[in-house]
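Close look at the chain arrangement
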Amino acid sequence: MKKKSLILLAASGVLAGATIFGTVLAADISGAGASFPYPVYAKWADSYKKSANVNLNYQSIGSGGGIKQIIAKTVTFGATDAPMKAEDLEKNGLVQFPTVIGGVVPVVNLDGIKPGAVKIDGATLGQIFLGNIKTWNDPAIAKLNPGVNLPNTAIAIVHRSDGSGTTFLFTNYLGKVSKEWDDKVGVSTAVKWPAGIGAKGNEGVANTVAQTKGAIGYVEYAYAKQNKLTHLNLINKDGKTVEPSIAAFQAAAAGADWAKAKGFNLIITDQAGEKTWPIAGATFILIRKQPADAAAATDALKFFDWAYKNGAKEAETLDYVPLPDATIALIRKEWSEIKDADGKPLYTPGS
Amino acid sequence: MNENKNAADTRLRPRGTDMVELTFDPAEARASEKTGDPRRNSQKRLILGDKFFKLLTGAAAAFVLMILFGVIFTLIEGSLPALLHFGPSFIWTEEWNPVKERFGALAPIYGTIMTSLIAMLVAVPVGLGIAIFLTELCPPFLRRPIGIAIELLAGIPSIIYGIWGLFIFAPFLQRYVQPLMIDTLGNVPGIGWLFAGPPYGIGVLTAGLILAIMVLPFIASITRDVFETVPPVLKESAYGLGATTWEVVWKIVLPYTRVGVIGGVMLALGRALGETMAITFVIGNAHRISASVLQPGTTISASIANEFVEALAELHTSSLTALGLILFVITFIVLACARLLLASLNKRAGGV
Amino acid sequence: MIDNALYRRRKLRNRFHMMMSLATAVFGLVWLVLILAMLLVKGIGGLNLAVFTQMTPPPSASGGLLNAIAGSLILTFLGVIIGTPVAVLAGTYMAEYGRYSKLTNVVRFINDILLSAPSIVIGLFVYSIMVRPMGNFSGIAGAVALAILVVPVVVRTTEDMLLLVPNQMREAAAALGAPRWTVIRYVGYRAAKTGIITGILLAIARISGETAPLLFTALNNQFWSTNIFAPMPSLPVVIFQFALSPYEDWQRLAWTGALLITVAVLTLSVLARVLVSKEAK
């Protein structure tokens, strides 16, 4: 019996301690959503804590989760890879803005083929993922790669099993370049795949491709690079062959006209430009127009302001692409939409 | 006695005082105040305490029921939109298309049953073998350590099996086991279609095998416990007649414990059906029904784990919750059968 | 002669089946050894002091798992503190007051179902009863989800252990005029103490590796956080996130975390068994 009261005592002690501790350190901002930018937000949060002593806790629960949680008001900000439409933003009282850009890269596992040795265009890529092209030495691929010795291996398609922003960008590109894809499969964070196996997360896809002879999959650039996978080069809208690189993703963003896109709802796949990588996209932050916790929302805006100013280099070391300055200026202007209860803008960034 | 009072759950003292007031008898209190009879007071407190304690424990027991009803209620509430929209055909539709918002549960149901079936096909004979080894063969000094080691396998968190399955086990199967299967079993007429296709490493078979490793300790330890309920007299008389160990196991132990073994297997099946983390990593997650077990598939729990946080459309979320409901109903039925079988064994064991 | 052949055949068959059973036992143990060996190989490389003194790092930076370990301890502790009293009381009712009542039969049945209920469903349940109404992910929601997993384990062991207490002891106490609850506390609990503690240890072992119910409840936290009303980190969720990342530092930490959890769980299970065997002596 004594033991039990002792345990109870200890419990209440811990509880009290925990809450007291909690209130002392309560300068927390919580965000949740897309898994694609999770590493860079984590890196920024760590650096920001060192300079401003504010904890920004970002958790990757998926883009859909980010949208759901900001609508349910359980987080200070949400994050999504697939931008919300302007009318949906309006309906839910949200402001949306991009943070960084990333690229999606097709990766393969073929004996004797070096990274970038094989190039492919969007239409052929669509045919492969539709399951219409079944072997690597198919004439459609051979025609694009004269002089390359393509093996007679069956193509094993690997796609994401979980809903994901990566899938959204990839299917969005295929939908733009292949009418058959648009009709049969469509564009979404999760689709009904005509063929292939699903693997969980970018890592799952990377892992499965690395282990399956004849496999083709698509992963975010960082995963292709860190796991040293064999990437394909793509033939872009201008008919030029491009290699995936930070510069090529930046080129995709440079041509985009953010000013005209309400709520920055712009998907920058299949953009014009000689050096443009065709499967690139921004990742977005969602914040309430009239946040319940104005202080936390202000802190979040301060954080992103800091990140635009100081975070570019850290983003690049993790293979993300910072936004062009003109776009950042537009975003700062957009922030005036976020207001407190009296209708005054929460935070005006000093230039 | 004072110490008693303190020990009685401190959190609930306010309600305890309530009860005392409710049954407060002024006349008696005055009397005892006058006479100052402490024994009487404490006696009363004890009886009240007993009533209160009985109520408290009963409430706690009822609370366990509340948890279950709460879970069921949330599941039904969440799956109503999907069930109303698709009707009963939800259960036998294979299509799962998030873009066009058409959902059917057949592929996950099939995958759940198929992986559990594979797991049982492997784990039941092996589990029985281990139990026979432990009860009949094993030298006594090894019996306990081995028994504990096998039970420890059950304690390893499922996420560890998942990571291990994805990074170690699946590549191993793909490189060494599956090509062999395709070349040998794949050419056997009649069952060849079960082992067709390229060796992906991950797929229904891999998931089934991981499940088998996970439920193996359950089956082994439950059957061992059940085997130990066989009265030694029965076994000894068989040995006395000159039966071999195998004959004793086959003709005495197994018939005697049949019901219990089946109950234990069903219990393990219940666990296999609901397993999430380990499966999600290795099943391949394709909403398709393929004849070959080397091909990817999906299970109910893997679909929920994969898609729930990303699902945005109400119908998608609701369909996933409906999958959860179906899983709950299936496990409920299996576990209920297991419990009833085991209970009937207990009754018989009690009767002997 | 015929008899001899039959005898030999029986002997042979016996030997064959016994070999099979030996082979299966070896097979079962091989998996345990394989999994543990792999965990050791992958996990021990990253094991150093920093793991216990530093926070989870951003990608491609060094760090540790301190906040995740602390979070896991808090969540597990709270889960047990919330779940155990209810479970012990419920088990007490089933074994003592209501041994023959209808309620007991129903609760026993339901409890056994909950014992094997998919934990991801529990996560969804707590999300809808706590996270959504309270407006944020929180450690306390995670603790409640874990508590719901603790309850069936402890209910079961409490009932079983109390039922093992011989009735003569209860009768002896009752004959001295002790009311029922005094009998339960001084006779029942005292006799069943070790068994109940074992049950609690097993429950801790069970919940300390749970990932699925924490994903939608406690969420996770990159920093040190002991505020139970804010998102709280935990070892399994961190392992889950880090193992599936492309960064080597994170993957190494994931394996180290996996090793830590497994060691903790195995220690608890062994401890529980030692307690039981001591009691048996």
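For the structure itself, look to the data block above.
One structure accompanies this document, and this report is about it. (Residues numbered from 1 in each chain as written. Chains lettered and ligands numbered in written order. Predicted model: local features only at pLDDT ≥ 70, side-chain atom pairs only at ≥ 80, totals over all residues. Heavy atoms only, no water.)

1. Digging into the overall build of chain B
Selection criterion: Runs of H or I in DSSP of at least four residues are treated as helices and runs of E of at least two as strands, each being numbered from the N terminus. The buried label goes to any residue with under 20% of its type's maximum accessible area, the exposed label to any with over 50%, and the partly exposed label to all in between, with areas taken from a 1.4 Å probe on protein chains only. A 1.4 Å probe and the Shrake-Rupley method give the accessible areas. Residues count as covered only by the protein chains that appear here.
Of regular secondary structure, chain B possesses 13 helices and two strands. Looking at chain B as a whole, 56% of its 352 residues qualify as buried. For chain B, the accessible area works out to roughly 15500 Å², and carbon and sulfur atoms hold 68% of it.

2. Here we look at the interface of chain B and chain A
So the rule is basically this: Any pair of residues with heavy atoms lying within 4.5 Å of one another is described as a contacting pair. We define buried area as the total accessible area lost by two parts upon association, computed with a 1.4 Å probe and summed across both. Any carboxyl oxygen of Asp or Glu within 4 Å of a side-chain nitrogen of Lys or Arg constitutes a salt bridge here. N or O atoms closer than or at 3.5 Å make up a polar contact, with two conditions inside protein: a donor-capable atom paired with an acceptor-capable one, and, for residues adjacent in sequence, both atoms drawn from side chains.
Facing the 33 residues of chain B at the interface are 38 residues of chain A. The contact between chain B and chain A buries some 2700 Å² in all, and 54% of this surface belongs to carbon and sulfur atoms. Taken as a group, Val99, Tyr200 and Glu310 of chain B account for 23% of the area that chain B buries against chain A, more than any other trio of residues on that side. Taken together, chain B and chain A are joined by zero salt bridges. Here chain B and chain A share two residue pairs in polar contact (both at pLDDT 80 or more) between them.

3. Remarks on empty space enclosed by the protein
Selection criterion: Every definition here rests on a 1 Å grid over the protein atoms only: cavities are sets of points where a 1.4 Å probe fits but cannot get out, pockets are open sets enclosed by protein on both sides within 12 Å along at least five of seven lines, and lining residues have some atom within 4 Å of a point. Grid points are joined across faces, edges and corners, and a volume is the space filled by probe spheres set on the points. Basically, the charged four are Asp, Glu, Lys and Arg, the nonpolar ten are Ala, Val, Leu, Ile, Met, Phe, Trp, Tyr, Cys and Pro, and anything else, Gly included, counts as polar.
The tally for this structure, following the rule as stated, stands at 14 cavities of 30 Å³ or more. Taken as a whole, the largest cavity holds about 610 Å³ of empty space. Around the largest cavity sit 35 residues that line it, and Ser35, Ser60 and Lys200 of chain A together with Phe240 and Gln241 of chain C are the ones nearest its centre. Those elements that provide at least two residues to the lining of the largest cavity are α2 (38-52), β2 (55-60) and α9 (201-211) of chain A, α11 (277-282) and α12 (300-307) of chain B together with α10 (235-243) of chain C. In terms of residue class, the lining of the largest cavity is built from 17 nonpolar, twelve polar and six charged.

4. Observations regarding a nonpolar patch on the surface
For clarity, the threshold we go by: Without a salt bridge and with relative accessible area above 30%, a residue can belong to a patch; like charges are then joined within 9 Å and nonpolar side chains (Val, Leu, Ile, Met, Phe, Trp, Tyr) within 5 Å.
Together, Leu137 of chain B together with Met19, Leu22, Val26, Val30 and Leu34 of chain C give the surface a local cluster of nonpolar side chains, amounting to about 480 Å² of exposed area. Looking at the nonpolar patch element by element, the count peaks at five residues for helix α1 (residues 2-44) of chain C.

5. So, the sheet that holds strand β11 (residues 241-242) of chain A
Residue and element names in this part refer to chain A. What counts is decided by this rule: When DSSP finds at least two bridges between two strands, those strands are taken to pair. To obtain each axis, a line is fitted to C-alpha atoms, and for helices this fit is confined to the stretch in contact; angles are then taken between N-to-C directions over 0 to 180 degrees.
The three strands are arranged β5-β10-β11 in an open sheet whose pairing can be described as mixed. Strands with a single pairing partner mark the edges of an open sheet, and in this sheet they are β5 (119-121) and β11. Sheet contacts for helix α5 (residues 122-130): β5 and β10 (233-235); angle to β5, the most-contacted strand, approximately 90°.

6. A look at the nonpolar core
Short version of the rule: The definition of a nonpolar core used throughout is a set of buried Ala, Val, Leu, Ile, Met, Phe, Trp, Tyr and Cys residues joined through side-chain atoms within 4.5 Å.
Of all hydrophobic cores here, the largest spans 308 residues; its most connected members are Phe129 and Ile216 of chain A. Not counting chain neighbours up to four residues away, the residues in contact with Phe129 of chain A comprise Ile157, Val158, Phe170, Leu174, Trp181, Trp193, Pro194, Ile216, Gly217 and Tyr218 of chain A. Ranked by size, the runner-up nonpolar core spans ten residues in total, among them Leu194, Phe195, Val204 and Val293 of chain B.

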